[in-house]
Amino acid sequence: MKHFLKLIFFLLFSLQPILAQQNIITLHLDKSKDTISKHIYGHFAEHLGRGIYDGFYVGKDSEIPNINGIRTDIVEALKELDIPVLRWPGGCFAEQYQWKDGIGPVDQRPLVVNTFWGGVTEDNSFGTHEFLELCELLDTEPYIAVNIASGTVKDAYQWIEYVTSNTDSEITRLRKKNGREQPWDVKFWGIGNENWGCGGSMDADYYTDVFKRFSTYCNAEYKIASGGVFDDLEWTRTFMSEIKEVPNFIDIAHGMSYHYYTIANNWEVKGSSTDFEESEWFSSMYNTLKMEANLKDHIAIMDEYDPDNNIALIADEWGTWYDVEPGTNPGFLYQQNTMRDALVAAIGLNIFNNNSRRIKMANIAQTVNVLQAMILTKGSQMVKTPTFYVFKMYKIHQDAIQIPSEISSMNYSVKEDEIPSLSVSASRDKNGVIHITVANLNPKDDLETMIDIKGLLDIKGLEGEILTAKTMNAYNDFGKAEKVQASEFKNYEIKEAAININIPSKSVVLLTLNGN
Ligand code: AHR
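The structure presented is a predicted model; accordingly, all values stated were derived computationally and were not measured.

Turning next to the site of the ligand. Taken together, 13 residues form the shell around the ligand, and within it E46, C92, E194, Y261 and E317 come nearest. Within the contact set of the ligand, an oxygen atom lies 3.1 Å away from a side-chain nitrogen or oxygen of N193. Protein chains shield 93% of the accessible area of the ligand, which is 280 Å² for the free molecule. Here the shell around the ligand is built from residues that sort into 7 nonpolar, 3 polar and 3 charged.

Moving on: the side chain of E280. Examined against the element boundaries, E280 turns out to sit in helix α8 (residues 278-305). Despite its burial, E280 pairs with no opposite charge; the closest candidate is R340, at 5.3 Å N-O. For E280, the side chain forms a polar contact with the main-chain nitrogen of E277, separated by 2.9 Å. Excluding residues within four positions of it along the chain, E280 makes contact with A264, N265, G271, D275 and R340.

With that out of the way, let us pick up the pattern of salt bridges. Enumeration according to the criterion identifies 23 salt bridges in this entry. For the salt bridge of E292 with K296, the shortest nitrogen-to-oxygen distance reads 3.9 Å. Of the two residues, E292 and K296 are both situated in helix α8; the distance of 4 residues between them amounts to about one turn of the helix. Taking the shortest distance from any N to any O, the salt bridge between K480 and D477 comes out at 3.4 Å. Taken together, the salt bridges that share partners define one network made up of D303, D306, R357 and R358.

Between helix α4 (residues 153-164) and helix α6 (residues 204-217), the shortest axis-to-axis distance is 9 Å and the interhelical angle comes to 35°. Seen from above, α4 lies across α6 with right-handed handedness. Where α4 approaches α6, its residues V153, A156 and Y157 are matched on the opposing element by R213, F214 and Y217. Class assignment for the residues of the contact of α4 with α6 results in 5 nonpolar, no polar and 1 charged.

Turning our attention to the sheet that holds strand β26 (residues 498-503). Strand order in the open sheet formed by 5 strands is β17-β1-β22-β26-β25, and the pairing between neighbours is mixed. The open sheet has two edge strands, β17 (405-408) and β25 (492-495), and neither has a second partner. Mean inter-strand twist for the sheet, computed between neighbouring axes without regard to direction, equals 20°. With 6 bridges joining them, strand β1 (residues 23-28) and strand β22 (residues 447-454) adopt parallel strand pairing. When the bridges of β22 are listed, L27 appears paired with I453.

Attention shifts here to a negative patch on the surface. Together, D445, D446, E448 and E493 make up a region of like negative charge exposed at the surface. Relative to the helices and strands, E448 resides in strand β22. For E448, a relative accessible area of 41% gives the class partly exposed.

Examined against the element boundaries, T26 turns out to sit in strand β1. Assessed through its relative accessible area of 14%, T26 is described here as buried. A sequence separation of 225 residues divides T26 from D251, and the C-alpha atoms of the two residues are 40 Å apart. Ignoring any residue separated from it by four or fewer positions in sequence, one finds T26 in contact with P404, S405, E406, D452 and K454.

Below, the discussion takes up the side chain of N287. For N287, the position within the fold is in helix α8. In this structure, N287 is in contact with Y260, T262, I263 and A264, ignoring residues within four places of it in sequence.

Thresholds applied
Residues numbered from 1 in each chain as written. Predicted model: local features only at pLDDT ≥ 70, side-chain atom pairs only at ≥ 80, totals over all residues. Heavy atoms only, no water. Near = heavy atom within 4 Å. Polar contact = N/O pair within 3.5 Å; in protein donor to acceptor, adjacent residues only side chain to side chain. Areas by Shrake-Rupley, 256 points an atom, 1.4 Å probe, with all protein chains shown as cover. Nonpolar A, V, L, I, M, F, W, Y, C, P; charged D, E, K, R; others polar. Helix = DSSP H or I, 4+ residues; strand = E, 2+ residues; numbered from the N terminus. Buried < 20%, exposed > 50% of the residue type's maximum accessible area, 1.4 Å probe, protein only. Lys, Arg positive; Asp, Glu negative; His and termini not counted. Salt bridge = Lys/Arg side-chain N within 4 Å of Asp/Glu carboxyl O. Contact = heavy atoms within 4.5 Å. Axes fitted to C-alpha atoms, helices over the stretch in contact; angles between N-to-C directions. Left-handed = near helix turned anticlockwise from the far one by under 90°. Pairing = 2+ DSSP bridges. Patch = residues over 30% accessible without salt bridge, like charges linked within 9 Å, V, L, I, M, F, W, Y side chains within 5 Å. Charge placed at Lys NZ, Arg CZ, Asp CG, Glu CD.

Everything listed is a geometric property; what it means functionally is a separate question.
Rendered as structure tokens:
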């Protein structure tokens with residue numbers, strides 16, 4: 001018996017280095033070339049539920065501190081994220097939005113019904129001027145989606161003229177009369193939204209023609225076409241092949257949009273955002289990881305028709321979508337945000353970083369009080385969600401050079417399915433600092449991992465930060481101490497140009513290092 005125990009101990013100790021090396025991340029610093037566009041860290045805010053009204057915008061007369069109706073605490077919080085771009089006014093709402101309803105004296109703006117989201121009254125008090133003031137407060141670039149399904153070409157080009165033109169005209173005089181002398185600098189314009197569905201139920205051929213007509217008249221710097229449903233590769237092929245036939249196509253099409261939502265179950269029963277089983281945690285990870293293969297399929301088609309990479313893939317809606325919180329309006333899409341959402345955000349951002357050659361923008365849905373939000377509010381209270389903290393950790397990748405990576409990791413499995421336990425991306429910034437963001441998708445097991453950096457001789461200094469929590473469904477609640485927030489992480493050791501690190505279960509880790 002004694003000998004047997006000795007043998008077991010011997011085997012455990014001698015196998016430990018082998019087990020410890022089962023998870024290896026290799027970074028190819030020597031092969032870095034693509035820039036991670038800062039716009040991948042973009043956001044989206046639609047006239048939906050409590051995203052704008054009773055979210056960003058409480059009105060000038062509110063007791064909640066505000067600047068011209070825009071909540072000060074939200075602006076201050078979001079400034080921590082260095083938001084590079086904000087998409088507005090939808091979403092589906094964009095295709096019913098009449099921009100002229102949202103300018104001029106607020107008390108004269110018409111009341112309309114928001115038919116897509118809850119059938120509630122839209123009083124148009126938050127319009128073009130208010131949105132662009134919000135962008136100025138956030139120091140972010142605006143991205144406006146124009147209505148091509150229930151609006152005319154004239155409506156669209158006049159909106160762009162109103163916002164961006166310095167030439168004297170009836171429209172620019174109207175802007176000045178409404179209090180804005182100088183034009184705004186708005187580069188990004190979306191030509192429609194989900195035109196396969198809520199944007200007019202068009203097919204790809206028809207949409208491409210409509211796009212060409214609108215885009216020809218829309219005098220804007222960067223125009224983004226609607227993509228198809230995420231798995232509709234034929235839409236991408238039709239759009240890309242037909243747009244390539246337009247002489248100087250690069251003047252009318254700069255990006256094609258892509259939408260992908262992570263659901264844990266199915267569209268009928270999406271499941272609770274907080275009360276879920278490990279199988280739903282797993283399927284959220286699994287379905288987010290699946291986005292990468294789908295993106296690569298779209299990118300392969302774009303490469304075929306546009307080998308010079310002129311038209312970018314713009315993932316302007318992504319994130320988790322669950323059943324709404326009990327007792328809230330089903331049309332308002334209000335959901336809580338847990339450690340599971342933090343992991344989904346980390347996986348999504350790693351995927352976009354790693355495909356940054358073609359993906360030039362992404363906009364998580366939808367910033368405040370809607371879907372996978374950064375901020376949730378209740379009256380005057382506000383919480384920063386776990387997703388907020390992921391965006392705060394990851395902002396260091398903005399405009400840095402992407403470092404290609406490979407993962408060889410243990411799989412995480414539930415029932416018959418399995419996925420890699422790790423997700424990673426890395427970059428080098430303009431000062432030569434390397435940032436590695438790695439997520440452990442396994443909610444139960446810590447992972448001993450070696451990170452090997454090819455092209456680096458030694459590491460001079462290393463700092464770590466971690467986002468994790470006690471439980472899979474931990475979330476930050478109103479009036480309570482935060483259960484999920486980032487903290488310092490030191491569980492690593494340096495070995496020349498490699499790092500041995502123990503990555504805790506259900507965590508997101510940021511490593512910042514200098515080296516030669
Ligand atoms: O983000 C919610 C909705 O999801 C958007 O309005 C629409 O574009 C998508 O279907």
